[in-house]
Amino acid sequence: MAAEICGASLFLSVKTQLQLQQRRHHQSAFFHTQRSRTRRSITRFHSSQRFFRSTFPNAATFRRRVACQVASADLESAARAGEDRLAKVPVRNIRNFCIIAHIDHGKSTLADKLLQVTGTVQQREMKDQFLDNMDLERERGITIKLQAARMRYVFENEAYCLNLIDTPGHVDFSYEVSRSLAACEGALLVVDASQGVEAQTLANVYLALENNLEIIPVLNKIDLPGAEPDRVIKEIEEIVGLDCSNAILCSAKEGIGIIDILNAIVSRIPSPEDTSKRPLRALIFDSYYDPYRGVIVYFRVVDGTIKKGDRVYFMASGKDYFADEIGVLSPSQLQVEELYAGEVGYLSASIRTVADARVGDTITHYARKADNSLPGYEEATPMVFCGLFPVDADQFPDLRDALEKLQLNDAALKFEPETSSAMGFGFRCGFLGLLHMEIVQERLEREYNLSLITTAPSVVYRVNCVNGDTVECSNPSLLPEPGKRKSIEEPFVKIEMLTPKDYIGPLMELAQERRGQFKEMKFIAENRASITYELPLAEMVGDFFDQLKSRSKGYASMEYTFVGYIESNLIKLDIRINGDCVEPLATIVHNDKAYSVGRALTLKLKELIPRQMFKVPIQACIGSKVIASEAISAIRKDVLAKCYGGDISRKKKLLKKQAEGKKRMKSIGKVDVPQEAFMAVLKLEKEVI
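About the criteria used
- Residues numbered from 1 in each chain as written.
- Predicted model: local features only at pLDDT ≥ 70, side-chain atom pairs only at ≥ 80, totals over all residues.
- Heavy atoms only, no water.
- Buried < 20%, exposed > 50% of the residue type's maximum accessible area, 1.4 Å probe, protein only.
- Helix = DSSP H or I, 4+ residues; strand = E, 2+ residues; numbered from the N terminus.
- Arc of directions from axis to C-beta.
- Contact = heavy atoms within 4.5 Å.
- Polar contact = N/O pair within 3.5 Å; in protein donor to acceptor, adjacent residues only side chain to side chain.
- Axes fitted to C-alpha atoms, helices over the stretch in contact; angles between N-to-C directions.
- Parallel < 35°, antiparallel > 145°, perpendicular 65-115°, else oblique.
- Left-handed = near helix turned anticlockwise from the far one by under 90°.
- Nonpolar A, V, L, I, M, F, W, Y, C, P; charged D, E, K, R; others polar.
- Salt bridge = Lys/Arg side-chain N within 4 Å of Asp/Glu carboxyl O.

Enquirer: How would you summarise helix α13 (residues 504-513) if you had to cite specific residues and measurements?
Expert: When α13 is considered as a whole, its buried residues turn out to be Ile-504, Leu-507, Leu-510 and Ala-511. Angular distribution of buried residues about the axis of α13 spans 130°; they occupy a single face of the element. If you follow the buried residues of α13, they end up packed against β24 (485-500), β25 (517-523), β26 (528-536) and α14 (544-551). Arg-515, located one to two residues past α13, shows a positive phi value of around 65°.

Structure (structure tokens):
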């Protein structure tokens, strides 16, 4: 069977075509006679393995034969390729799908292979993680920003348009993932055939089921020695509840099963509804800022038609613009004159503010507005806050400019100016989660050449005041006085940990230490268990994930969702140095942990603050009550050195004079806490709190 490709026509060898057809015919006839689902999966796996070994004795030969060989193409063939890619197809021949998977299960590799086999990206342009544009994505091996790609595929002599939306897999970007899923009719559920079902696999599957998507199970990495497809198929059926009798076995790296996946996308994922006659409604699932063209919007046309030059209206923000340029992503941007219901494309309209085109908003015509917007739009709400301060105070304007530019690319980032007595001028920034915070900090340092100090991450607390007001507080220094507050509420999350049964005890102990409330535990397979807890978000923004991985030797995975605010016994812990309260070191902690945190902070500060000419007390206080204290002894001059003999009264006089000087020095002296001490204490806070 031939796969017709944009750019040039790429063909499998005739021998391979015949063998693939024979194998599929043989498998379909064989599977109908079998009754046991597990037996079918084992047989399918072994038959594909036998075919693989008999046809191509080594993997290198297979790769050379299956990897599509691009014919020599001149300018005319390249132009023809663009026309083929932009050629319109009926709505019934459009397929919109995404790939959902846990981190490192081969999602980006599969997307690369689909682009390569369909000829969307030519062999000479191909590179690993093709859709991951940032260096940070390639280094960490994760997808941070989603991408879209339009592919052309010929199935049974009929051309189809396949729109792939590559989504992030991490929980911090779950809202972006949900909007991407809303733009699709189907999803490829990619599961590692050696690792099995993981926590984020479940989370993304549930999101897909909420959007009523057709899910195609795909078992990747079947070429690995540790692959156990029969066990993983059983896991998917038991845990997720999907019928895996027609699951596809593949190896994205080796190119096994890619044609089967493309055929399944065409035959099993439904086409969009043909609603081209209705008023325009298009769902924005991503946007980014281009310094020359303004905000570029990625959207899926749900109803109606949009043409170049139309005046469009954004229903949530209330802004209107002229569509200067519309086009499709294949995966580079190609201009077209018109997009109709079911198609995915981009829009450029000289928009200068990302806030005018938020993810989840609905685009309609200004003159013929839709009656109602598409459901599901909401503002991104920051969950984790920290302070960002430049190491060099002269870089403060550069930091402000960098945050403003980065916010144009990342609408979920929030920031406001903040002043610290210890670290000077900076910003209080809000993020969706810890990974989001790390990514933003690293992008600021790399892309804008800044040296930054990051304070310990904190969460937003709700303070119920005596007068009936409710105050949201992300900075301990803004907490109302004890006499004015009635209670403090903190955000709680529901966390689900998937782990081998050998590590259940250590993980339950970890959750109990972090004030977790046990909800349920169930065995999802013979050797794997799911443990569910509710625990404060503040306990997770430290080293919880690191502890989870170390206690389970890297085998456990986790997924969490925000459940709401719950009243807790929280207090503000102040640090006083020489009687002066140091606001940057103040923290909000649970009453039961106040002593241990205060003790750890005072001991660390005693090591880091240099000795003075007078005694320096370091105290951890709750209000006026001191709960932990240390003291840095004074540097003393030996004033008795010259008194080698004589009356004792002379010595007493000298010692009394020295003591009076020390007392006067302490009253007017000021202790300068070095920058290194703040950074070390902030690191300690992340570990202790």
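What follows picks up the thread again.
Enquirer: Which residues make up the side chain of Asn-163, and what are the values?
Expert: One can find Asn-163 in strand β3 (residues 158-166). Among the residues examined, Asn-163 registers a relative accessible area of 3% and is labelled buried. In this structure the side chain of Asn-163 is engaged in a polar contact, spanning 2.8 Å, whose partner is the side chain of Asn-96. Excluding its chain neighbours within four sequence positions, the residues that come into contact with Asn-163 are Ile-94, Arg-95, Asn-96, Phe-97, Ala-149, Arg-150, Gly-342, Glu-343 and Val-344.

Enquirer: Which residues make up the packing of α13 against α14, and what values do they have?
Expert: At a minimum axis separation of 9 Å, α13 and α14 run at an interaxial angle of 160°. Compared by their axis directions, α13 and α14 come out roughly antiparallel. Crossing of α13 against α14: the hand is right-handed. Each of Pro-506, Leu-507, Glu-509, Leu-510 and Glu-513 in α13 lies in contact with α14, whose residues at this interface are Phe-544, Gln-547, Leu-548 and Arg-551. Partitioned by chemical class, the residues of the contact of α13 with α14 number 5 nonpolar, 1 polar and 3 charged.

Enquirer: Run through the pattern of salt bridges, naming residues and quoting values.
Expert: Taken as a whole and assessed by the stated rule, the structure comprises 22 salt bridges. Between Glu-325 and Arg-293 there is a salt bridge, with its nearest N and O atoms 3.1 Å apart. A residue pair is termed long-range when its members are at least 10 positions apart, and Glu-325 in strand β12 (residues 325-329) and Arg-293 in the loop between β7 (281-290) and β8 (294-303) qualify at 32 residues. A residue is classified by how much of its surface remains accessible, and Glu-325, at 13% relative accessible area, is buried.

Read these as geometric descriptors, not functional statements.
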